[in-house]
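# Summary of the model geometry
The chain contents come next:
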Amino acid sequence: SKINKEEFEKLFYKGLSDYAISRELNVSPDGIYSYRMRHSYYREDLRLNQEIELSRFQKEVLLGTLLGDSSFRLGKDCKNPAISCAHGIKQKEYCEHKTKIFENLGAHCKYSKRHVADKRTNKLYEDYTMFIPANPNLKSWYSSFYNNKIKCIPFNLFEYFTEVSLAFMYMDDGSKIGNTYQIATN
């Protein structure tokens, strides 16, 4: 293993997330998770869906990106929703920037390459995906965004819609055509 036990333990006992440890040790978050499990380094705060309050800025960003490319993930046996957002390979820095904003929530960014070609283009696409772990504080947001599992515009959350929200919404789903700008919120 590329992981130095002493360096790992120092970061682990400081309370850093797997993602934060992975950046410090230059190892993937999945590698850190595997190392923790293999060597029995457990943290209650990672196994439980810890209730972490979002800052006002995080709520503004979250609203914009959920109106854009982000979506909630709620498994059938899960009580609390998680969030994911995939971006093309050229948007790596943007994905990492969004991940940093939600780092205190345990967010991490992961690279992936499809193993099955897209039927329309016959290409194997690569992407970077930001994941925000399940959090009880996201339940009310999930309920606002989804009506019978159909995503809708949550007007009750628009108190958080600011120029920051608009910027992230545009970065997710916006484009410039000639002299005009548009956002593809379909």
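I will try to describe carefully the structure that is included in this document. (Residues numbered from 1 in each chain as written. Predicted model: local features only at pLDDT ≥ 70, side-chain atom pairs only at ≥ 80, totals over all residues. Heavy atoms only, no water.)

### A look at the overall build of the protein
When helices and strands are counted, the protein shows 8 helices and 8 strands. The 186 residues of the protein split such that 41% are buried. Counted over contacts in the protein with a minimum sequence separation of 6, partners at least 24 positions apart contribute 62%. Per element, the accessible surface of the protein, about 11700 Å² overall, is 51% carbon and sulfur. Across the protein, the 28 positively charged side chains and the 23 negatively charged ones have centroids separated by 5 Å. (Helix = DSSP H or I, 4+ residues; strand = E, 2+ residues; numbered from the N terminus. Buried < 20%, exposed > 50% of the residue type's maximum accessible area, 1.4 Å probe, protein only. Contact = heavy atoms within 4.5 Å. Areas by Shrake-Rupley, 256 points an atom, 1.4 Å probe, with all protein chains shown as cover. Lys, Arg positive; Asp, Glu negative; His and termini not counted. Charge placed at Lys NZ, Arg CZ, Asp CG, Glu CD.)

### Quick notes on a nonpolar patch on the surface
Residues Ile 153, Phe 155 and Phe 158 make up a contiguous nonpolar surface patch of roughly 310 Å² in combined accessible area. Among the secondary structure elements, Phe 155 is positioned in the loop between strand 6 (150-151) and helix 8 (163-173). (Patch = residues over 30% accessible without salt bridge, like charges linked within 9 Å, V, L, I, M, F, W, Y side chains within 5 Å. Salt bridge = Lys/Arg side-chain N within 4 Å of Asp/Glu carboxyl O.)

### A word on the side chain of Thr 65
The topology assignment puts Thr 65 in helix 5 (residues 56-67). Relative accessible area serves as the criterion here: at 0%, Thr 65 is assigned to the buried category. Within the structure, Thr 65 has its side chain in polar contact with the side chain of Lys 98 (distance 2.7 Å). Apart from the residues lying within four places of it in its own chain, the contact partners of Thr 65 are Ser 70, Cys 85, Lys 98, Phe 168 and Asp 172. (Polar contact = N/O pair within 3.5 Å; in protein donor to acceptor, adjacent residues only side chain to side chain.)

### Looking at the pairing of strand 8 (residues 180-183)
As defined by bridge partners, strand 7 (residues 174-177) adjoins strand 8 across 4 bridges and the pair is classed as antiparallel. Residue Ser 175 lies in a different strand from strand 8, and its bridge partner there is Gln 182. (Pairing = 2+ DSSP bridges.)

### A closer look at the packing of aromatic side chains
Going through the model one piece at a time under the given rule, you end up with 16 aromatic pairs. Taken together, a centroid distance of 5.2 Å and an interplanar angle of 15° make the contact between Phe 158 and Phe 161 stacked. Overall, Phe 161 belongs to the partly exposed group, its relative accessible area being 28%. (Phe/Tyr/Trp six-rings, centres within 6.5 Å; stacked < 30°, edge-to-face > 60°.)

### Description of the nonpolar core
Counting 31 residues, the largest nonpolar core has Leu 62, Phe 72, Phe 102, Trp 141 and Phe 145 as its most contacted members. Mapped by element, the contributors of at least two residues to this core are helix 5, strand 2 (82-88), helix 6 (92-101), strand 4 (126-132), helix 7 (139-145) and helix 8. Leave out the neighbours within four places in its chain, and Trp 141 touches Lys 59, Leu 62, Leu 63, Leu 66, Phe 72, Leu 157 and Tyr 160. Counting residues in each nonpolar core, the second largest holds 10 residues, with Phe 8, Leu 11, Tyr 35 and Tyr 41 among its members. (Core = buried A, V, L, I, M, F, W, Y, C linked by side-chain atoms within 4.5 Å.)

### A few points about the packing of helix 5 against helix 8
Geometrically, a packed helix pair is captured by the angle between its two axes and the distance between the axes. Contact geometry of helix 5 with helix 8 gives a least axis separation of 7 Å together with a crossing angle of 35°. The handedness of the crossing between helix 5 and helix 8 comes out as right-handed. Between helix 5 and helix 8, the contacting residues are Phe 57, Glu 60, Val 61, Leu 63, Gly 64, Thr 65 and Leu 67 on the first element and Val 164, Ser 165, Phe 168, Met 169, Asp 172 and Asp 173 on the second. (Axes fitted to C-alpha atoms, helices over the stretch in contact; angles between N-to-C directions. Left-handed = near helix turned anticlockwise from the far one by under 90°.)

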